[in-house]
Amino acid sequence: MDQVIIKAAEIVRQAGKLMDSSDYEIEQKGNMSNYVTDADKAVEAFLTERLTGLIKGSEILGEENHHRIHTVSDVWVVDPIDGTSNFIRGIGFSGISVGLVRDGEPYAGIIFNPYRDEMFVSEMGQGAWLNGKHITVSDRDFSHSHLCSAMCLYDKRYAAPCFRIIEEIYMQSDDLRRMGTASLELALVAAGRAELYFEMRLFPWDAAAGFALIREAGGIAECLHCEGFPLDRPFPVIAANNRESFEKLKEIVCRHVPKVPYDERIG
Ligand code: IPD
Ligand code: CA
Ligand code: CA
């Protein structure tokens, strides 16, 4: 694995210490259920300063500070705390997600869960790893799958089709998880702990690292109804451990969501 990715993972591990604090201010963003804390801002500032130093000319697209369009080939796509709501409530299932998008494609993924000291790392062509051990997706079929999903928390206008999709999949599979941290749930698919993933509206910082990880672990992760991996908008996401389950999941989701029901731009 490239030294740059190894160093980036070390930086992410250090940033995890900034998630330790119990003394932080909470602010509400945009709508009722969307929060940001001092810890989110501190982690993002820490990562912004250090990650750009690893690759000359690279830039940061961070959840808490994303005011520019990125045209360079290397973009670090950062969710400083994914699962902020879990973080505030002390649930112990939140993480730091850092994807390196190179020439428009998720190239490397780093996802760290400091509560379990679990560091997921992948690099294109080099495989996917959890705490230094190689990981692969599971070989369970659709009917024995666990689905990780959510009900479009930050725009509940789209909750109804999410519920219909989740119900349809639930009736044909093993079980459902709504865990509150998209990146760690994508990492569960990569590590063979879950098999299916659907979310109606994820931002690049929720998904970049998870896509890189799942693809290197042998699974499939895609933005629905869009080209490549957009850095300028949210998009629906589907992922699965194998092609057959992915196609089945896609058929169900596309029937309920024939096109992206929103048209938003970041910035
Ligand atoms: C959210 C979490 C949540 C997912 C939302 C995300 P945040 O990120 O990952 O699980 O359902 O779509 O926006 O706001 O905690 O960084
Ligand atoms: Ca997030
Ligand atoms: Ca976040």
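Parameters and conventions
Residues numbered from 1 in each chain as written. Chains lettered and ligands numbered in written order. Predicted model: local features only at pLDDT ≥ 70, side-chain atom pairs only at ≥ 80, totals over all residues. Heavy atoms only, no water. Near = heavy atom within 4 Å. Polar contact = N/O pair within 3.5 Å; in protein donor to acceptor, adjacent residues only side chain to side chain. Nonpolar A, V, L, I, M, F, W, Y, C, P; charged D, E, K, R; others polar. Domains from an automatic or database assignment. Donors = N, O, S within 2.8 Å, 3.2 Å for Na, K, Ca; no water. Salt bridge = Lys/Arg side-chain N within 4 Å of Asp/Glu carboxyl O. Helix = DSSP H or I, 4+ residues; strand = E, 2+ residues; numbered from the N terminus. Buried < 20%, exposed > 50% of the residue type's maximum accessible area, 1.4 Å probe, protein only. Phe/Tyr/Trp six-rings, centres within 6.5 Å; stacked < 30°, edge-to-face > 60°. Lys NZ or Arg CZ within 6 Å of the ring centre and 35° of its normal. Pairing = 2+ DSSP bridges. Contact = heavy atoms within 4.5 Å. Axes fitted to C-alpha atoms, helices over the stretch in contact; angles between N-to-C directions. Buried area = accessible area lost by both parts, 1.4 Å probe. Parallel < 35°, antiparallel > 145°, perpendicular 65-115°, else oblique.

J.: How do you make sense of the site of ligand 1 when you look at a structure like this?
T.: In the neighbourhood of ligand 1, 16 residues make up the surrounding shell, with D82, G83, Y154, G180 and E199 lying closest. In this structure, an oxygen atom belonging to ligand 1 sits 2.7 Å away from a side-chain N or O atom of Y154. In this structure, G180 approaches ligand 1 through a main-chain N or O atom, which is 2.9 Å from an oxygen atom. A breakdown of the residues in the shell around ligand 1 according to their chemical character gives five nonpolar, four polar and seven charged. The two domains that each donate at least three residues to the shell around ligand 1 are domain 1 (3-135) and domain 2 (142-256).

J.: What is the right way to look at the coordination of the calcium ion (ligand 3) in this model?
T.: Ideal values for angles at a metal depend on the geometry: 109.5 degrees with four tetrahedral donors, 90 or 180 degrees with six octahedral donors. At the metal site, the calcium ion (ligand 3) is ligated by E63 (OE), D79 (OD) and I81 (O), and these contacts range over 2.2 to 2.4 Å. Positions of the donor residues of the calcium ion (ligand 3) along the chain correspond to the pattern E-x15-D-x1-I.

J.: Can you walk me through the pattern of salt bridges in this structure?
T.: Oppositely charged side chains can pair when the atoms bearing their charge come close. Scanning all chains against the criterion turns up 15 salt bridges. In this structure, D117 engages R13 in a salt bridge whose closest nitrogen and oxygen atoms are separated by 2.7 Å. With D117 in the loop between β6 (105-113) and β7 (118-123) and R13 in helix α1 (residues 3-15), this residue pair connects regions lying 104 residues apart in the sequence. The exposure class of R13 is partly exposed, given its relative accessible area of 36%. Where E118 meets R116, a salt bridge forms, and the shortest distance between an N and an O atom there is 3.9 Å.

J.: Could you clarify how one ought to interpret the coordination of the calcium ion (ligand 2) in this entry?
T.: Protein coordination at the calcium ion (ligand 2) comes from D79 (OD), D82 (OD) and D206 (OD), with a distance range of 2.1 to 2.3 Å. Mapping the donors of the calcium ion (ligand 2) onto the primary sequence gives the spacing D-x2-D-x123-D. The distance between the calcium ion (ligand 2) and the calcium ion (ligand 3) is 3.8 Å, with D79 acting as a donor to both metals. Here the residue D79 occupies a position in strand β4 (residues 74-82), and D206 occupies one in helix α6 (residues 204-216), the gap between them amounting to 127 residues. On the basis of relative accessible area, D79 is assigned to the buried category, the value being 0%. Judged by its relative accessible area of 10%, D206 is buried.

J.: What is the right way to read the packing of aromatic side chains from this model?
T.: Geometrically, a pair of aromatic rings is defined through the distance of the ring centres and the angle of the planes. For the coordinates displayed, the defined rule picks out four aromatic pairs. Centroid distance F211 to F229: 5.3 Å. Interplanar angle 70°. Geometry classified as edge-to-face. Of this pair, F211 sits in helix α6 while F229 sits in the loop between β13 (220-223) and β14 (235-240), and the two are 18 residues apart along the sequence. Residues F211 and F229 agree in their burial class; the two are buried. Residues F229 and F235 carry aromatic rings whose centres are separated by 5.4 Å and whose planes lie at 65° to one another, so their mutual orientation is edge-to-face. The two residues F229 and F235 agree in class, both being buried. Among the aromatic side chains, those forming a connected cluster through ring pairs are F211, F229 and F235. The ring centre of F142 lies 5.0 Å from the NZ or CZ of K248, which sits over that ring.

J.: Sorry if this is basic, but what is going on with the sheet that holds strand β8 (residues 127-130) here?
T.: Strands in a sheet are paired, the pairing made by backbone hydrogen bonds, and the direction either parallel or antiparallel. With mixed pairing, seven strands are arranged side by side in an open sheet as β3-β4-β5-β6-β7-β8-β9. In this open sheet, the two strands that pair with only one neighbour each are β3 (59-62) and β9 (133-134). Bridging between β6 and β7 involves six bridges; their strand directions are antiparallel. Among the inter-strand pairings, N113 is bridged to a residue of β7, identified as E118. The sheet strands contacting helix α2 (residues 38-51) are β3, β4 and β5 (95-102), and the helix crosses β4 at an angle near 155°.

J.: Would you mind going over the domain arrangement of the chain with me for this structure?
T.: Per the domain assignment, the segments of the chain are domain 1 (3-135) and domain 2 (142-256). Using only C-alpha atoms to locate each centre, domain 1 and domain 2 end up separated by 20 Å. Facing the 42 residues of domain 1 at the interface are 30 residues of domain 2. In terms of surface lost to domain 2, no three residues of domain 1 exceed F93, P106 and I111, which account for 21% of the buried area on that side. The interface formed by domain 1 and domain 2 contains two salt bridges. Between R215 and E105 there is a salt bridge, with the nearest N and O atoms lying 3.1 Å from each other.

J.: Would you mind going over the packing of helix α5 (residues 182-190) against α6 with me for this structure?
T.: What describes two packed helices is the angle between their axes and the distance between those same axes. Where α5 contacts α6, the axes come no closer than 8 Å and their chain directions differ by 5°. In terms of their interaxial angle, α5 and α6 are classed as roughly parallel. Note on element contacts: α6 touches α5 through D206, A207, G210, L213 and I214, opposite A182, S183, L186, A187, V189 and A190. Residue composition of the contact of α5 with α6, by class: eight nonpolar, two polar and one charged.

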